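Observations on chain architecture
Each chain is listed here by its residues.
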Amino acid sequence: MSMELSILLSMIIPAVGAVLIALTGKIPNVRETVTLFTAVALFLNVLSLLGPVLDGATPEITLLEMVPGLSIAFKVEPLGMMFSLIASGLWILNSIYSIGYMRGNKEKHQTRFYICFAVAIAATLGLAYSANLLTLFIFYEVLTFSTYPLVSHKGDENAVKGARTYLGILVTTSVGFLFFAIAWTFSATGTLDFVNGGILGGKVEGPLMGLLLMLFIYGIGKAAVMPVHRWLPAAMVAPTPVSALLHAVAVVKSGVFSVVKVIVYTFGIDNLVASGSAGWLVWVSGFTIIAASMVALRQDNLKRRLAYSTISQLSYVVLAAAILTPISAVGAALHIAAHAFGKITLFFAAGSIYTAAHKTEVSQLNGIGWKMPITMTAFAIGALSMIGLPPTAGFISKWYIIQGAMSSENFLALGVIVLSTLLNAGYFLPIIYAAFFKKEKAAKHGHDGHHDHHHGDHGEAPLPIVIAISSTALLTILMFFFPDIALELAQKMIGGAQ
């Protein structure tokens, strides 16, 4: 099978899956089988491109050329390869998880949920493989609109309000800033292609380059750099499998993926260093990391705490890219992967706790580690990865980001990383401590410390949830011991960008 066909199949498979899910919606078992089958088929298809890309191939295909220089085209480069592997691989686990969650909580509109999911994945892969800014913009928008029904899934007033914020901020930023930045780039260079070393060198100079970069950073609202981050906590009204996909894999990763891609392939690291107009981005991303961590510390709702943690972690990727050294760019790419595994585990855990114990607040989690040992052990692994401790994936990416900051003597970035690591520990470790080392709060009429067992005798969540959460926790640890493929792709990204 040709690589060009594989690229197209990456979008066709989930799209066909969406149609089949719609057709089998009345028979849940068949519908879920179709979802899983589609997810596995997609992952195997994406995997078929890995070997050639590692060998240095960059397969590409042009679908449509409107005018010279403006085309809808796809090209698989190392960063897109890594992103597509993460998104398609985690879709399998998220589908397994969704089956347990949606049934366990007797959610309505499950067919619509699975259809929108499949469309969102198709859009994510289109974005991962985009060969130019126009293609990226189109799939970026498709992703926003296909995830809107997922955010507003519950249909109550809260959900609709949250979804409106989500859509409002993401569309306003992309149409107001990103579209303008892309048009400016095209008028300055006559091309929108992603090119090793960037296309803006000598075309946009000095402070104007800084202004154009600002339009891109804030136009890519999905990267949630403050102050355009409010959509992310607002989207927490969605069911947990949506939060897991949105906040670990598709939507937010599309944001930081686009930021890294624009910095490496549109601006070019060397051009930005020469122009000296990107220093502000270290400050802005650093502020986002610290401010979001401070907000996270104060959230009692578990999903909101995780949402603010995500805002903080995303800006790690932006910060790493803004340090403008090859090694920090490797760290940025690795952090996209490390954060995906760790954060999806944490959201899975939040949903598992909700499904089995109907608890949503951090303050309710005393002693839950003994009733749900698998869930809380997985949570602990995800949390350690967010803090950046071995043996988890988060340690690897943080290590490279720190190396990059040290090699360029960027002490502001170093300070941000050290402080935020302490803050991460501050909002994650107490949850783990309470789960395993504090006694469950006694019921009202319980005395002498013994609590009655009528209200809280629950075990783990349904099996599909336990399988998914164990798998993502395992991936978080495996990436620490076997980072080779992710590392090689990350190094190839900058190897080609020198």
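Up top you'll find the structure we're talking about.
I will try to describe carefully the structure that is included in this document. Quick caveat: nothing in here was measured; it's all calculated off a predicted structure.

Helix and strand counts for the protein stand at 21 helices and two strands. In terms of C-alpha radius of gyration, the protein reaches 22 Å, essentially the compact-globule figure of 23 Å for 498 residues. Dimensions of the protein, computed from the C-alpha atoms along their principal axes, are close to 75 × 55 × 45 Å. Here the protein, with 498 residues, has 62% of them falling under the buried criterion. Looking at the protein alone, contacts between residues at least 24 apart form 80% of all its contacts between residues at least 6 apart. One way to put it: in the protein the 28 positive side-chain charges average out to a point 10 Å from where the 23 negative ones average out.

Summed over all chains, the structure comprises five salt bridges. Here arginine 103 makes a salt bridge to glutamate 32, at a shortest N to O gap of 2.8 Å. Taken together, the residues arginine 103 in helix H4 (residues 78–104) and glutamate 32 in helix H2 (residues 28–47) connect sequence positions 71 residues apart. Here glutamate 32 falls in the buried class, since its relative accessible area comes to 4%. Note that glutamate 488 is salt-bridged to lysine 492, the shortest N-O span being 3.7 Å. With glutamate 488 and lysine 492 both in helix H21 (residues 484–495), this residue pair falls four residues apart, about one helical turn. Judged by relative accessible area, which is 29%, lysine 492 ranks as partly exposed. Residues joined by salt bridges that share partners form a network here, namely Arg31, Glu32 and Arg103.

Turning to the pairing of strand E1 (residues 60–67), a few remarks are in order. Note: E1 against strand E2 (residues 70–75), six bridges, orientation antiparallel. In the strand pairing of E2, leucine 64 is matched with isoleucine 72. From the end of E1 to the start of E2, which pair antiparallel, there are two residues, and glycine 69 there has a positive phi angle of about 90°.

Take unusual backbone geometry next. The phi angle of most residues is negative, glycine excepted, and most peptide bonds adopt the trans form. A cis amide bond links methionine 226 with the next residue in sequence, proline 227, at an omega value of 5°. For proline 227, the location among the structural elements is in the loop between helix H8 (206–219) and helix H9 (231–234). Going from proline 390 to proline 391, the amide bond is cis rather than trans, its omega being 0°. The topology assignment puts proline 391 in the loop between helix H17 (373–387) and helix H18 (393–407). Non-glycine residue leucine 324 carries a positive phi angle of around 60°. Its place among the elements puts leucine 324 in the loop between helix H14 (302–322) and helix H15 (326–357). The phi dihedral of glutamate 409 falls on the positive side, at around 50°, and the residue is not glycine. Mapped onto the fold, glutamate 409 is located in the loop between H18 and helix H19 (411–437). The exposure class of glutamate 409 is exposed, given its relative accessible area of 58%.

This paragraph deals with the packing of H15 against H18. In a pair of packed helices, the angle between the axes and the distance between the axes together describe the arrangement. At a closest axis distance of 8 Å, the pairing of H15 and H18 adopts a crossing angle of 160°. Classified by the angle between their axes, H15 and H18 sit roughly antiparallel to one another. Crossing of H15 against H18: the hand is left-handed. Residues Ile327, Ser328, Val330, Gly331, Ala332, Leu334, His335 and Ala338 of H15 touch H18, and the partners they reach there are Ala393, Gly394, Ile396, Ser397, Tyr400, Ile401, Gln403, Gly404 and Ser407.

Here the focus is the nonpolar core. Among the nonpolar cores identified, the biggest contains 191 residues, and Met81 and Phe379 are the most heavily contacted of them. Top element by residues in this core is H15. It accounts for 19 residues. Setting aside chain neighbours within four positions, we find phenylalanine 379 in contact with Leu302, Leu346, Ala349, Phe428, Ile431 and Ile432.

Cut-off values and rules
Residues numbered from 1 in each chain as written. Predicted model: local features only at pLDDT ≥ 70, side-chain atom pairs only at ≥ 80, totals over all residues. Heavy atoms only, no water. Helix = DSSP H or I, 4+ residues; strand = E, 2+ residues; numbered from the N terminus. Rg over C-alpha atoms; globule rule 2.2 N^0.38 Å. Buried < 20%, exposed > 50% of the residue type's maximum accessible area, 1.4 Å probe, protein only. Contact = heavy atoms within 4.5 Å. Lys, Arg positive; Asp, Glu negative; His and termini not counted. Charge placed at Lys NZ, Arg CZ, Asp CG, Glu CD. Salt bridge = Lys/Arg side-chain N within 4 Å of Asp/Glu carboxyl O. Pairing = 2+ DSSP bridges. Axes fitted to C-alpha atoms, helices over the stretch in contact; angles between N-to-C directions. Parallel < 35°, antiparallel > 145°, perpendicular 65-115°, else oblique. Left-handed = near helix turned anticlockwise from the far one by under 90°. Core = buried A, V, L, I, M, F, W, Y, C linked by side-chain atoms within 4.5 Å.

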